[in-house]
Amino acid sequence: MSDIVSEAELQAYADGRLPQARRAAVEGWLAEHPEESERIAAYRRLSEEVRAAYEGMLSEPVPEHLKHAGSRRLPMRRIAAVLAWIALGAVLGAGAMWELRPERIVLQTQPDGVVMARRAAMAHAVYSPEVRHPVEVGASEEQHLVAWLSKRLGVKLRAPKLDDAGMSLVGGRLLPGDSGPVAQFMYQSQNGRRLTLYVRTEASKNRETAFRYARENNVGVFYWIDRDAGYAIASGDLSKEELLRVADLVYKQLEP
Amino acid sequence: MDEAKRLVELIPRLRRYARALVGDKAGADDLVQDTLERAWAKLHLYRRGTDLRAWLFTVMHNVHVNRVRATRPTDPLHEDMPELAYRASQGDTLLVRDLDRCVARLPADQRAVLLLVTLEEMSYEEVARTLGIPIGTVMSRLSRAREKLRAMMLGQAASAARLKLVK
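This is a predicted model, so every value here is computed, not measured.

Rules used in this analysis
- Numbers given to residues run from 1 along each chain, matching the order in which its sequence is written.
- To read the labels, note that chains go from A and ligands from 1, taken in the order they are written.
- The predicted origin of the model limits local features to residues at a pLDDT of at least 70 and limits the giving and counting of side-chain atom pairs to 80 or more, whereas totals for whole chains, interfaces and linings rest on all residues.
- A run of DSSP states H or I qualifies as a helix once it reaches four residues; a run of E qualifies as a strand once it reaches two. Both are numbered from the N-terminal end.
- The exposure label follows from counting other C-beta atoms within 10 Å of a residue's C-beta, where the C-beta atoms are placed from the backbone and the thresholds are 20 or more for buried and 12 or fewer for exposed, leaving partly exposed in between.
- This entry defines residue contacts through backbone-placed C-beta atoms, with two residues in contact when those atoms are within 7 Å.
- Scored from 0 to 100, pLDDT reflects the predictor's confidence in each residue.
- Between any two strands, at least two bridges found by DSSP are needed for them to pair.
- Only the stretch in contact is used when fitting a helix axis, every axis being a line fitted to C-alpha atoms; angles between N-to-C directions are given from 0 to 180 degrees.
- Any angle that falls under 35 degrees is termed roughly parallel, while one over 145 is termed roughly antiparallel, one within 65 to 115 roughly perpendicular, and all others oblique.
- Any nonpolar core is a set of buried residues, restricted to Ala, Val, Leu, Ile, Met, Phe, Trp, Tyr and Cys, that join up through C-beta atoms within 7 Å.

S.K.: Help me understand the overall build of chain B, please; the structure alone is not making it clear to me.
M.R.: Check the secondary structure of chain B and you find 8 helices and 0 strands. In chain B, buried positions account for 33% of the 167 residues. Across chain B, every contact between residues at least 6 apart in sequence was considered, and the portion connecting residues at least 24 apart equals 65%.

S.K.: Got a minute to help me understand the confidence of the model for chain A in this structure?
M.R.: Residues and elements named next belong to chain A. Of the residues in chain A, 80% have a pLDDT of 70 or more, and the chain-wide mean is 80. Looking across chain A, the model is least confident in strand β1 (residues 99-100), with a mean pLDDT of 40, and most confident in helix α1 (residues 7-14), with 95. Taken as a whole, residues 72-110 scores under 50 in pLDDT and shows 53 contacts with residues more than four places along the chain or in a different chain.

S.K.: Would you mind going over the interface of chain A and chain B with me for this structure?
M.R.: Put simply, an interface is often sized by how much accessible area is lost when its parts join up. Of the residues lining the interface, 22 residues belong to chain A; the matching set on chain B comes to 32 residues. Within the residue set of the side of chain A that touches chain B, elements represented by two or more residues are α1, α3 (34-59) and α4 (64-67) of chain A. Sorting elements by how many residues they give to the side of chain A that touches chain B places α3 of chain A first, with 11 residues.

S.K.: Just to check I follow, could you spell out unusual backbone geometry for this structure?
M.R.: Negative phi characterises most residues that are not glycine, and trans characterises most peptide bonds. Residues and elements named next belong to chain A. In this structure, Asn 218 is a non-glycine residue whose phi angle is positive, near 70 degrees. Following the sequence through the fold, Asn 218 ends up in the loop between β6 (212-216) and β7 (219-226). Residue classification places Asn 218 among the exposed residues on the basis of 10 C-beta atoms within 10 Å.

S.K.: Mind showing me how you'd approach the pairing of strand β3 (residues 167-177) of chain A here?
M.R.: Residues in a regular strand project their side chains so that they alternate between the two faces of the sheet. Residue and element names in this part refer to chain A. Pairing of strand β2 (residues 137-138) with β3, which is carried by 2 bridges, proceeds in the antiparallel orientation. Residue pairing in the sheet places Val 137 in a bridge with Gly 172 of β3. In terms of strand pairing, β3 meets strand β4 (residues 180-189) through 10 bridges, oriented antiparallel. Each bridged residue has a counterpart across the sheet, and for Leu 175 the counterpart in β4 is Val 182. Between β3 and β4, which pair antiparallel and follow one another directly, the connecting turn spans 2 residues.

S.K.: Explain the packing of α3 of chain A against helix α5 (residues 94-104) of chain B here, please?
M.R.: Helix-helix packing is described using two parameters, namely the angle between the two axes and the distance between the axes. Interhelical geometry of α3 of chain A versus α5 of chain B gives an angle of 105 degrees and a closest axis separation of 10 Å. Judged on the interaxial angle alone, α5 of chain B and α3 of chain A are roughly perpendicular. Taking contact as the criterion, the partners of Glu 49, Val 50 and Ala 53 of chain A in α3 of chain A are, on α5 of chain B, Leu 95, Val 96, Leu 99, Asp 100 and Val 103 of chain B.

S.K.: Whenever I open this one, the nonpolar core confuses me. Can you help?
M.R.: The tendency in soluble globular proteins is for nonpolar side chains to be buried side by side. Counting 51 residues, the largest nonpolar core has Ala 18, Leu 56, Met 60, Val 113, Leu 115, Leu 116 and Val 127 of chain B as its most contacted members. Of all hydrophobic cores here, the second largest spans 46 residues; its members include Val 114, Leu 195, Trp 224 and Ala 234 of chain A.

S.K.: I'm lost on the pairing of β4 of chain A in this one. Help?
M.R.: Residues and elements named next belong to chain A. Counting buried residues along β4, 7 of its 10 residues qualify, which places the element largely inside the surrounding structure. As judged from the 7 bridges shared by β4 and strand β5 (residues 194-201), these two strands associate in the antiparallel manner. In the sheet register, Met 186 faces β5, and the bridge partner there is Thr 196.

S.K.: Help me out: how do you make sense of the environment of Gly 166 of chain A in this one?
M.R.: Relative to the helices and strands, Gly 166 of chain A is located in the loop between α7 (142-153) and β3. Under the C-beta neighbour-count criterion, Gly 166 of chain A is labelled partly exposed, with 15 such atoms within 10 Å.

Here it is, written out as structure tokens:
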């Protein structure tokens with residue numbers, strides 16, 4: 001029976017995947033059927049050629065937006081622009097950074113972002129002093145927390161890891177915003193200093209802003225808008241430099 | 001998370017397969033993006049210790065099938081269809097362009113099998129699992145895809161030779 005060779009065996013032979021035990025039989029059969037032998041040889045050549053034809057895709061650099069597709073829904077923004085902004089801030093010194101007094105906010109060119117910063121500062125001031133109920137869902141249920149908030153906001157959220165800044169996640173809560181639900185994540189350091197990350201969805205999905213800084217009633221806020229989401233990082237405990245470092249960490253994780 | 005890192009590492013392979021499957025780079029990257037978004041959202045369903053690549057290609061296959069279904073009633077890349085609009089980029093050799101064109105003209109389900117076997121070098125069992133078809137179907141599609149591709153490439157060679165004669 002070993003001289004009966006199936007088409008599936010021929011295919012496996014072409015792929016070099018025929019079990020050793022059958023190889024001799026198939027080779028013997030092919031030797032007696034030159035046309036078939038030529039066909040299988042052609043398949044082998046074609047496989048090589050197909051591999052070679054698309055080989056280049058493997059070494060081609062992966063577009064940035066694909067590297068982060070889905071790990072966050074937020075569209076890319078060039079980190080370089082932000083780093084340049086931060087560097088500029090460092091060069092000019094803190095005084096030259098955009099510090100806005102909330103009373104004058106409505107006159108600024110980014111009133112909407114500033115309103116967000118203000119809401120974030122207020123939410124921070126309300127919840128961060130809480131000892132017993134700082135969050136609705138604790139960090140022990142992080143997955144559930146993130147899934148829940150993502151669902152309510154309608155965007156895929158993540159709770160950034162801020163260990164590099166010595167802050168760990170306490171948990172989060174849902175807040176009412178001007179145009180829908182808002183998520184607040186709370187972080188805390190070993191010695192009890194707190195910061196909150198405020199995330200809202202954006203109606204106009206094609207707007208981007210640089211990092212901005214505002215201060216309201218001793219709560220410092222770094223904030224930015226990136227197409228479908230606006231972010232604000234607020235803390236009364238951290239210095240502006242520390243907050244900027246956190247903002248940078250958050251930004252990098254959301255769209256490195 | 002470990003899977004997350006490996007998932008990112010698999011992107012070039014997803015792109016290669018998608019490029020050959022869809023036929024153009026932009027369309028391929030759209031498919032990869034949809035696949036990745038879905039994969040991230042479904043990563044909790046992935047069972048650790050199992051083959052992440054196979055899982056990812058299954059996700060891509062499902063996304064692709066849904067997209068094809070959603071955008072057009074039948075697959076246009078049918079063998080009877082007229083030649084596709086030109087898709088290859090400059091710098092490709094003639095052989096690569098011919099191959100790419102011929103691959104694109106294979107019936108979609110045969111093309112998927114051929115590419116998973118050839119590019120990804122998946123075992124026939126893996127291909128069967130990835131595409132959700134019996135292994136016998138994998139073998140027959142593979143056989144038909146190869147024969148069709150061979151015939152088309154021979155045809156290309158023949159018409160190229162005729163062109164030369166006409167000149």
